[in-house]
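Report on the structure
Given next are the chains, with one letter for each unit.
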Amino acid sequence: MMDIDERWMHEALKEAKAAYEEAEIPIGAVVVQEDRIIGRGHNQTEKLSDPTAHAEMIALTAAASAQKTWRLTDCILYVTVEPCFMCAGAAVLARIQRVVFGPRDPKFGGIRSLYNLGLDERLNHTFLVTEGVLADQASALIQCFFKDRRTKKTDGEVKSVR
């Protein structure tokens, strides 16, 4: 039987696959409140020419819009890869209750790898963290994406994970 975190992470993985299909780094996110998705997002930095168009930012914006408030105090953010420090900071500002992610991101991770933003008691809000949910699937999707990119190399350059 699939646990609840895996259920919602599968939804985040659907978003990551949508990013992959759009030639974006395949990271997806969903915001869940009371057992329903109120915000979805996937990376769109290339499409929008926007360095802040990360999956988490888009999902948080959609959730805040749906709720008509930026305070998402009873919501859980599911993201396929550890959020960067920008996205972790946005989760703090949105007052997210918990963040659930797949693999760590050793280059940009803002929750466990490089920083512990969600757990820093000096901030005005902290959130619970669950890591490693469907991490193998998320990692495999990213590895496949970059393998494809190296094979197709556009403009002689391969982009970084974020």
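Predicted model only: the values in this text are computed from it and were never measured. (Residues numbered from 1 in each chain as written. Predicted model: local features only at pLDDT ≥ 70, side-chain atom pairs only at ≥ 80, totals over all residues. Heavy atoms only, no water.)

Brief notes about the pairing of strand β2 (residues 36-42)
Bridge count between strand β1 (residues 28-33) and β2: six bridges; the pairing is antiparallel. Looking at β2, one finds that Gly 28 is bridged to His 42. Following β1, the chain reverses through two residues before pairing antiparallel with β2; Glu 34 in that reversal takes a positive phi of roughly 45°. (Pairing = 2+ DSSP bridges. Helix = DSSP H or I, 4+ residues; strand = E, 2+ residues; numbered from the N terminus.)

Points about the packing of aromatic side chains
Tallied over the entire structure, the rule returns three aromatic pairs. A ring pair is formed by Tyr 20 and Phe 145, whose centres lie 5.5 Å apart and whose planes are at 75°; its orientation type is edge-to-face. Within this pair, whereas Tyr 20 is found in helix α1 (residues 4-21), its partner Phe 145 is found in helix α5 (residues 135-152), the two being separated by 125 residues in sequence. Note on Phe 85 and Tyr 115: the rings are 5.6 Å apart at their centroids and 75° apart in plane angle, and the pair reads as edge-to-face. Here Phe 85 is found in helix α4 (residues 85-93), whereas its partner Tyr 115 is found in the loop between β4 (98-101) and β5 (128-131), with 30 residues between them in sequence. (Phe/Tyr/Trp six-rings, centres within 6.5 Å; stacked < 30°, edge-to-face > 60°.)

Topic: the nonpolar core
Within the largest apolar cluster, 31 residues are counted, with the highest numbers of intra-cluster contacts made by Val 31, Ile 96 and Val 99. Every element with two or more residues in this core is listed here: α1, β1, α3 (55-67), β3 (75-79), α4, β4 and α5. Residues within four places of Val 99 in sequence aside, it is in contact with Leu 77, Val 79, Pro 83, Ala 91, Ile 111, Phe 127, Leu 128, Val 129 and Thr 130. Formed by twelve residues, the second largest nonpolar core is a distinct cluster that contains Leu 13, Val 30, Tyr 78 and Val 133. (Core = buried A, V, L, I, M, F, W, Y, C linked by side-chain atoms within 4.5 Å. Buried < 20%, exposed > 50% of the residue type's maximum accessible area, 1.4 Å probe, protein only. Contact = heavy atoms within 4.5 Å.)

Re α1
For α1, spanning 18 residues, the distance from its first C-alpha to its last is 26 Å, which sits close to the expected 26 Å at 1.5 Å a residue. Those residues of α1 that sit buried are Asp 5, Trp 8, Met 9, Glu 11, Ala 12, Leu 13, Glu 15, Ala 16, Ala 19 and Tyr 20. Lining the buried residues of α1 we find β1, β2, β3, β4, β5 and α5. Regarding α1, its N-cap is Asp 3, as a side-chain oxygen of that residue lies 3.2 Å from the backbone nitrogen of Asp 5 further along. (Expected span 1.5 Å × (residues − 1). Polar contact = N/O pair within 3.5 Å; in protein donor to acceptor, adjacent residues only side chain to side chain.)

A closer look at unusual backbone geometry
One non-glycine residue with positive phi stands out, namely Ala 23, at about 65°. With respect to the helices, strands and loops of the structure, Ala 23 is situated in the loop between α1 and β1. Of the residues examined, Ala 23 reaches a relative accessible area of 47% and is grouped as partly exposed. Of note in this structure, Glu 34 is not a glycine but carries a positive phi near 45°.

Overview of α5
Its 18 residues give α5 an end-to-end C-alpha distance of 26 Å, which sits within 8% of 26 Å, the value for a rise of 1.5 Å per residue. Of all the residues in α5, the buried ones are Ala 135, Ala 138, Leu 141, Ile 142, Phe 145, Phe 146 and Arg 149. Take α5 and look down its axis: the buried residues cluster within an arc of 140°, on one side only. Residues of α5 that are exposed and point over 90 degrees away from its buried face: Asp 136, Gln 143, Lys 147, Arg 150 and Thr 151. Residues of α5 that are buried make contact with α1. (Arc of directions from axis to C-beta.)

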